[in-house]
Amino acid sequence: SDLGLETLMEGVLLHEIMHTHQAELASAAADAMHADAPQNVSDDHVQSLFDKNPDYIAAYEKERDLLFAAAGAADAGEARRLAAEAPDLMRSRRARWFADDKAWLGDLDDIFLTMEGMGQWLAYRHWVATSGEVLARAETRDNGRHWTQDEGFALILLVDRLLPDWQTRAFREPDWRAEKLFAAA
C-alpha cells in the first residue's frame, strides 16, 4: 500500500473496531437468514453469487457509481438530485435478483452495506487525516474489489455529506441502517 504498512493497518484496525460497535446489526443479520441460507455467509456473499453475471454487475455498478457521483457532486443540491435516483436502482436490483429463495438477501444486503460502509468510512477518515484525500479514497475503494465495502462506503460517504449527526442515529438505534440514513439524507 502507498499508505505504508503502519497507516494501512491502523485503518484496517479502525474498520474492524467499528464492527465491535455493530453487535445489534450482526444479530439482525443472523435473524435475517433464511432457512436455506448457507451456514457461512459473509459480506462478500452477494458478490460470490453474482460475480459472473454481467447483468447483475452492470446494475450494481450503475447504482454504486451514482452514489459516488452524488457524494462527489459540486454542491449539496446536485448531490441530492443525483442521490434521488439511487433508491429506485437499488429496489430494482433487489427485486430482480433477490426474489423467491433469495429474498432473504435484501435485508442482508442492507445490513452488510451498513456494517462495511461504516467500517470503510472510519478507515477513510483516518487515512484522509494522515495521507490526504486522493490516496485515502483510492485505498478505501481498493479498485472496487469488494462490492459491499465499495458501495457501502459510497452510501455512508453520501450520508456523511448530507445528514449532520448521522452517527448519533446510527449508533443509538440499530434500525438506522445505511438505507434509512440515506433516505433521511
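None of these values were measured; they are calculated from a predicted model. (Residues numbered from 1 in each chain as written. Predicted model: local features only at pLDDT ≥ 70, side-chain atom pairs only at ≥ 80, totals over all residues. Heavy atoms only, no water.)

(A) How the structure looks around the packing of aromatic side chains. Tallying each qualifying case throughout the model produces 9 aromatic pairs. Ring centres 6.1 Å apart and planes at 40° place the aromatic pair Phe-50 and Phe-98 in the tilted group. Of this pair, Phe-50 sits in helix α3 (residues 45-50) while Phe-98 sits in the loop between α6 (86-97) and α7 (105-131), and the two are 48 residues apart along the sequence. Pairing Tyr-56 with Trp-97 gives two aromatic rings, centres 5.0 Å apart and planes at 75°, and the pair type is edge-to-face. Note that Tyr-56 is positioned in helix α4 (residues 54-71) and Trp-97 in helix α6, a separation of 41 residues in sequence. (Phe/Tyr/Trp six-rings, centres within 6.5 Å; stacked < 30°, edge-to-face > 60°. Helix = DSSP H or I, 4+ residues; strand = E, 2+ residues; numbered from the N terminus.)

(B) Quick peek at the environment of Leu-82. Residue placement: Leu-82 occurs in helix α5 (residues 76-83). Along the chain, Leu-82 and Ala-69 lie 13 residues apart, while their C-alpha atoms are 7.3 Å from each other. Excluding residues within four positions of it along the chain, Leu-82 makes contact with Leu-66, Ala-69, Ala-70 and Ala-73. (Contact = heavy atoms within 4.5 Å.)

(C) Broad picture of the environment of Val-159. Checked against the element boundaries, Val-159 lands in helix α9 (residues 147-162). When the C-alpha atoms of Val-159 and Ala-86 are compared, they prove to be 13 Å apart, with 73 residues separating the residues in sequence. For Val-159, the contacting residues outside a window of four places in its chain are Trp-166, Ala-178, Leu-181, Phe-182 and Ala-185.

(D) Geometry of the side chain of Gln-120. Inspection of the secondary structure assignment puts Gln-120 in helix α7. Take Gln-120: its relative accessible area is 7%, and that puts it in the buried class. For Gln-120, the contacting residues outside a window of four places in its chain are His-15, Thr-140, Gln-149 and Phe-153. (Buried < 20%, exposed > 50% of the residue type's maximum accessible area, 1.4 Å probe, protein only.)

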